[in-house]
Amino acid sequence: MTDIVLAIDLGSSWCKAAYIDTTGRLVATGRAYPRAIQPSRDAMLPAFWQALCTAVQGANAQLAAAVRPAAIGISCRAQFGICLDEEGQAFWPIVDCQLHRDAPELKQAYDPALWGDQDPFAFGYGVRMAAMIAWLRQHHPAEWRKIHRVGALHNYQVHRLAGVWVTDPTSGSEQPTWPDAILALTGLPASAFPRPQP
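Okay, the pairing of strand β5 (residues 80-84) next. With respect to burial, β5 is a largely interior element, 5 of its 5 residues being buried. Relative to strand β7 (residues 149-152), β5 is paired through 4 bridges, and the arrangement is antiparallel. What sits directly across from Ile82, in β7, is Gly151. As paired strands, β5 and strand β6 (residues 90-91) are joined by 2 bridges and run antiparallel to one another. Of the residues in β6, the one forming a bridge with Leu84 is Ala90.

This model, assessed by the stated rule, comprises 4 salt bridges. Residues Asp21 and Arg25 are paired through a salt bridge, measuring 3.1 Å at the closest nitrogen-oxygen approach. A salt bridge links Arg41 to Asp42; the nearest nitrogen and oxygen atoms lie 2.5 Å apart. For Arg41, a relative accessible area of 26% corresponds to the partly exposed category. Under the relative-accessibility criterion, Asp42 is labelled partly exposed at 46%.

Within the element layout of this structure, Thr186 appears in helix α7 (residues 180-186). Among the residues examined, Thr186 registers a relative accessible area of 0% and is labelled buried. Of note is the side chain of Thr186, whose polar atom sits 3.4 Å from the backbone oxygen of Leu183. Excluding residues within four positions of it along the chain, Thr186 makes contact with Ala130, Ile133, Arg137, Trp144 and Phe193.

On to the sheet that holds β6. If you walk across this open sheet you meet the 3 strands as β6-β5-β7, and the pairing is antiparallel. The sheet is open, and its two edges are formed by β6 and β7, each paired on a single side. Along the sheet, helix α4 (residues 126-139) contacts β5 and β7; its crossing angle with β5, the most-contacted strand, is approximately 60°.

Here the second largest pocket defines a volume of roughly 170 Å³. Ile72, Ile74, His154, Val158, Leu161, Val166, Thr167, Asp168, Gln197 and Pro198 together form the lining of the second largest pocket. Per element, the largest residue contribution to the lining of the second largest pocket is 3 residues, and it comes from helix α6 (residues 153-162). Looking at side-chain class alone, the lining of the second largest pocket contains 6 nonpolar, 3 polar and 1 charged residues.

Let us now look at the packing of aromatic side chains. Counted according to the given criterion, the structure contains 5 aromatic pairs. Ring geometry for Phe80 and Tyr125: centres 6.4 Å apart, planes at 15°, overall stacked. You can see Phe80 sitting in strand β5 and its partner Tyr125 sitting in the loop between α3 (112-115) and α4, a full 45 residues away along the chain. An aromatic cluster is built from Phe80, Tyr125, Trp178 and Phe193, whose rings are joined through pairwise contacts. Residue placement shows Arg31 over the ring face of Trp14; its charged tip is 3.9 Å from the ring centre. The ring of Phe91 has Arg41 lying over it, and the distance from NZ or CZ to the ring centre is 4.3 Å.

Two elements in contact, helix α1 (residues 44-60) and α6, have axes whose closest approach is 11 Å; the angle formed by their N-to-C orientations is 65°. Between α1 and α6 lies a crossing whose hand is right-handed. Contact residues: α1 offers Leu45, Pro46, Phe48, Trp49 and Leu52, while α6 offers Leu153, Tyr156, Gln157, Arg160 and Leu161. Here the residues of the contact of α1 with α6 sort into 8 nonpolar, 1 polar and 1 charged.

Cut-off values and rules
Residues numbered from 1 in each chain as written. Predicted model: local features only at pLDDT ≥ 70, side-chain atom pairs only at ≥ 80, totals over all residues. Heavy atoms only, no water. Buried < 20%, exposed > 50% of the residue type's maximum accessible area, 1.4 Å probe, protein only. Helix = DSSP H or I, 4+ residues; strand = E, 2+ residues; numbered from the N terminus. Pairing = 2+ DSSP bridges. Salt bridge = Lys/Arg side-chain N within 4 Å of Asp/Glu carboxyl O. Polar contact = N/O pair within 3.5 Å; in protein donor to acceptor, adjacent residues only side chain to side chain. Contact = heavy atoms within 4.5 Å. Axes fitted to C-alpha atoms, helices over the stretch in contact; angles between N-to-C directions. 1 Å grid on protein atoms, 1.4 Å probe; cavity = no way out; pocket = protein on both sides within 12 Å on 5 of 7 lines; lining within 4 Å. Points joined across faces, edges and corners; volume = space filled by probe spheres on them. Nonpolar A, V, L, I, M, F, W, Y, C, P; charged D, E, K, R; others polar. Phe/Tyr/Trp six-rings, centres within 6.5 Å; stacked < 30°, edge-to-face > 60°. Lys NZ or Arg CZ within 6 Å of the ring centre and 35° of its normal. Left-handed = near helix turned anticlockwise from the far one by under 90°.

Shown next, in the form of structure tokens:
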């Protein structure tokens, strides 16, 4: 079974994994229930990773033999602000504020004066994440200083699987680089953000 792919959907209620052949037939499936995972600085991300592993292991158990998929595709819930520290340890900084549409941080993040001729909506979750990190920088600077990498849950799962900090245009920047406006808002270097990939 060399022409088989592994599809993973890490949603709000279920994490589902499926091996699919070239005809689109489901060969094996597995799932886990991540809905009970609570926001937590240090425990949340390992719990999401475990849910992904449990779902894939469930699908693996239905296969007659071990396979090496030709590709792995991941769809993931929109959880942004996922961080790695300098040692590579993942954490999710708890932002104890409500970034509602009228929040000053969000208004600043979408301010046309900051963007010039660029469209902030071309940068996916990045603008809202920048507002969150800007808030963290102001209110919890010690926590902000621990950020070495920042992105979304999707980026973290890919990092666990492949060891790279990358994103796709749907999950992050539609441009080959992150814009100066986001770097200015967060105070983080470009290297902190996942590298956009096709």
